[in-house]
Amino acid sequence: MILKIRNFTGLFGLLLLLTFTSCKQKNAGEKGESKEQLAEYTEAIEKSPNKPQAYIERARAYYKTNQLEPAIRDMEKAVSLDTTKAENYLLLAEMYEKRPYVKGVIYALEKAVEIDPKDKDNAKKLGILNFQVKNRDASFKYLNMALRLDPTDAEAFYYRGYNYREVEMPEKAIENFQRALDLKPDYFNAFLQMGLLHAEKKDKKAEGYYSSALRLQPNNLKALYARGMFYHENDSFQKAITDFEKILTFDPDFLTTQYNIGYNYYLLKEYQKAIPYLTKAIQLHPENPHPYKTRALCYAAMKRTQEAAEDNKRAQELEGEKK
């Protein structure tokens, strides 16, 4: 039994907080000047506490000197006083991103998009952020909005495709990933997702998509692992070993690669070659019964009955512990 990563797409599911660029921080050398400015803005606020501009200026001054929390408080006050300026919500979103506070970023961007619904970039950012927090309906909503504004945005098609993948609509996912590739022929992640989807369908086109991804990033471990698994599942054991071996040149402890090489050598009946990999897998994951079982089979095929019995006994003990 080969050990497969069951939720492979989860490997690509790390949270992507977007970087906003409406404000640029200046050098720390401005701190002295900023203190004077802060005093001026504070005085202006005390004189006119219901006018947002002084809060905005003081927030910017705080932000320049890396005083994030007072900057956020001032911007929150400013947008409560004037809810009509998209740029103020974008600045607040940038500050929330620095905290980081994902829900706050989404809230502020939603307000900005309500005010300026023709800004494709902000709509796309919202689509991607909602994708990352698994709010599929909102993600679809904003990605669709972005694509209505710009039907040539490959990234928006990619994330819409990934949404369809997550809600188990593979054909719609494939359609969107293909649109992304039509617009951006060097889109590594789209090739990889197409490979994964076609592999799940047991469609041999998967190999071509994986290979296209690897032409773009020849040493990408996730793509090598995915293609290796595809080769294994289609009985191309030597090709699987080649991909898994390449992974080990970069990361000897990557996922279940040591075991998978050993298991593929076992299937090729090259038992002597299999044993060192299975032994390494046991060293890396001594609580896993599968390497013991496969090594036992290798020992048995080599007539090393005592060692086979010991491995079988240990595998049974581990399986018993898991019950």
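Every chain begins its residue count from 1, and numbering advances along the sequence as written. For a predicted model such as this one, the threshold for reporting local features is a pLDDT of at least 70, and the threshold for listing and counting side-chain atom pairs is 80 or more; totals across whole chains, interfaces and linings nevertheless cover every residue. The basis for every side-chain value is the complete set of non-hydrogen atoms in the structure, without hydrogens or water.

Can you break down the overall build of the protein residue by residue, with the values?
Helix numbers and strand numbers start at the N terminus; a helix is a DSSP run of H or I with at least 4 residues, a strand a run of E with at least 2. When its secondary structure is counted, the protein shows 17 helices and zero strands. Atoms counted for the radius of gyration: C-alpha only. Globule rule: 2.2 Å times residue count to the power 0.38. Its C-alpha atoms give the protein a radius of gyration of 27 Å, more than 25% over the compact-globule value 20 Å for 323 residues. Summarising its shape, the C-alpha atoms of the protein cover approximately 90 × 40 × 40 Å along the three principal directions. Split into buried and exposed, the 323 residues of the protein put 50% on the buried side. By the convention used here, residues are in contact when the closest approach between their heavy atoms is within 4.5 Å. A sequence separation of at least 24 residues applies to 53% of the contacts in the protein between residues at least 6 apart. Surface accessibility in these figures is a Shrake-Rupley result with a 1.4 Å probe; residues are shielded only by whichever protein chains are displayed. As displayed, the protein offers around 16800 Å² of accessible surface, 49% of which is attributable to carbon and sulfur atoms. Separation of charge centres in the protein, based on 51 positive and 46 negative side chains, amounts to 3 Å. Only protein chains enter the accessibility calculation, which uses a 1.4 Å probe. A residue is then buried if its area is under 20% of the maximum for its type, exposed if over 50%, and partly exposed in between. Charged residues are defined narrowly, with Lys and Arg counted positive, Asp and Glu counted negative, and His plus the chain ends left uncounted. The atom standing in for a charge is NZ when the residue is Lys, CZ when it is Arg, CG when it is Asp and CD when it is Glu.

Go over helix α12 (residues 221-233) with me, naming the residues and quoting the values.
If you check α12, its first and last C-alpha atoms are 18 Å apart, about what 13 residues at 1.5 Å a residue would give, namely 18 Å. Within α12, eleven of the 13 residues are buried, which leaves it mostly tucked inside the rest of the structure. Those residues of α12 that fall on the buried side of the exposure criterion are L221, A223, L224, Y225, A226, R227, G228, M229, F230, Y231 and H232. Where α12 is buried, its residues contact α10 (188-200), α11 (205-216), α13 (237-250) and α14 (257-267). Between the side-chain oxygen at the start of α12 and the backbone nitrogen of K222 there is a gap of 3.1 Å, and the oxygen is on N220. Just past α12, the residue D235 takes up positive phi, approximately 65°. Take the number of residues in a helix, subtract one, and multiply by 1.5 Å to get its expected span. In protein, a polar contact means a hydrogen-donor-capable atom and an acceptor-capable atom, both N or O and within 3.5 Å, with residues adjacent in sequence counting only if both atoms are side-chain atoms; elsewhere, any N or O pair within 3.5 Å suffices.

So what's going on with the confidence of the model for the protein? Which residues, and what values?
The pLDDT value expresses, per residue, how confident the predictor is, ranging between 0 and 100. Counting all residues, the mean pLDDT for the protein is 91, and 90% of those residues have values of 70 or more. Scored below 50 in pLDDT, residues 9-30 shows 48 contacts in the model against residues more than four places distant or in partner chains.

Just give me the short version of empty space enclosed by the protein, but keep the residues and values in it.
The method works on a 1 Å grid over the protein atoms by themselves. A cavity is a set of points holding a 1.4 Å probe that cannot get out, a pocket is an open set with protein on both sides within 12 Å along at least five of seven lines, and residues with an atom within 4 Å of a point line them. Grid points are joined across faces, edges and corners, and a volume is the space filled by probe spheres set on the points. Taken as a whole, this structure holds one cavity of 30 Å³ or more when the rule is applied. Lining the largest cavity we find L255, T256, T257, Q258, Y259, A281, L284 and H285. Examining the composition of the lining of the largest cavity, we find that three residues originate from one element, α14, more than from any other. Residue polarity follows a fixed list, in which Ala, Val, Leu, Ile, Met, Phe, Trp, Tyr, Cys and Pro are nonpolar, Asp, Glu, Lys and Arg are charged, and the others, Gly among them, are polar. Here the residues of the lining of the largest cavity are counted per class, giving four nonpolar, four polar and no charged.

Quick rundown of helix α8 (residues 154-166)? Include the residues and the values.
In a regular helix each residue adds 1.5 Å, so 13 residues correspond to 18 Å; α8 covers 19 Å between its end C-alpha atoms and thus fits that length. For α8, the tally of buried residues reaches eleven of 13 residues, placing the bulk of the element in the interior. Within α8, the full set of buried residues consists of A154, A156, F157, Y158, Y159, R160, G161, Y162, N163, Y164 and R165. Those residues of α8 that are buried are in contact with α6 (120-132), α7 (136-149), α9 (170-183) and α10. Put simply, D153 is the residue that caps the front of α8, since its side-chain oxygen is 3.1 Å from the backbone nitrogen of E155. The positive-phi residue at the C-terminal boundary of α8 is E168, with phi of around 60°.

Just give me the short version of the environment of K222, but keep the residues and values in it.
One can find K222 in helix α12. The class for K222 is partly exposed, based on a relative accessible area of 29%. The spacing of K222 and L192 is 30 residues in sequence and 8.9 Å in space, taken between C-alpha atoms.

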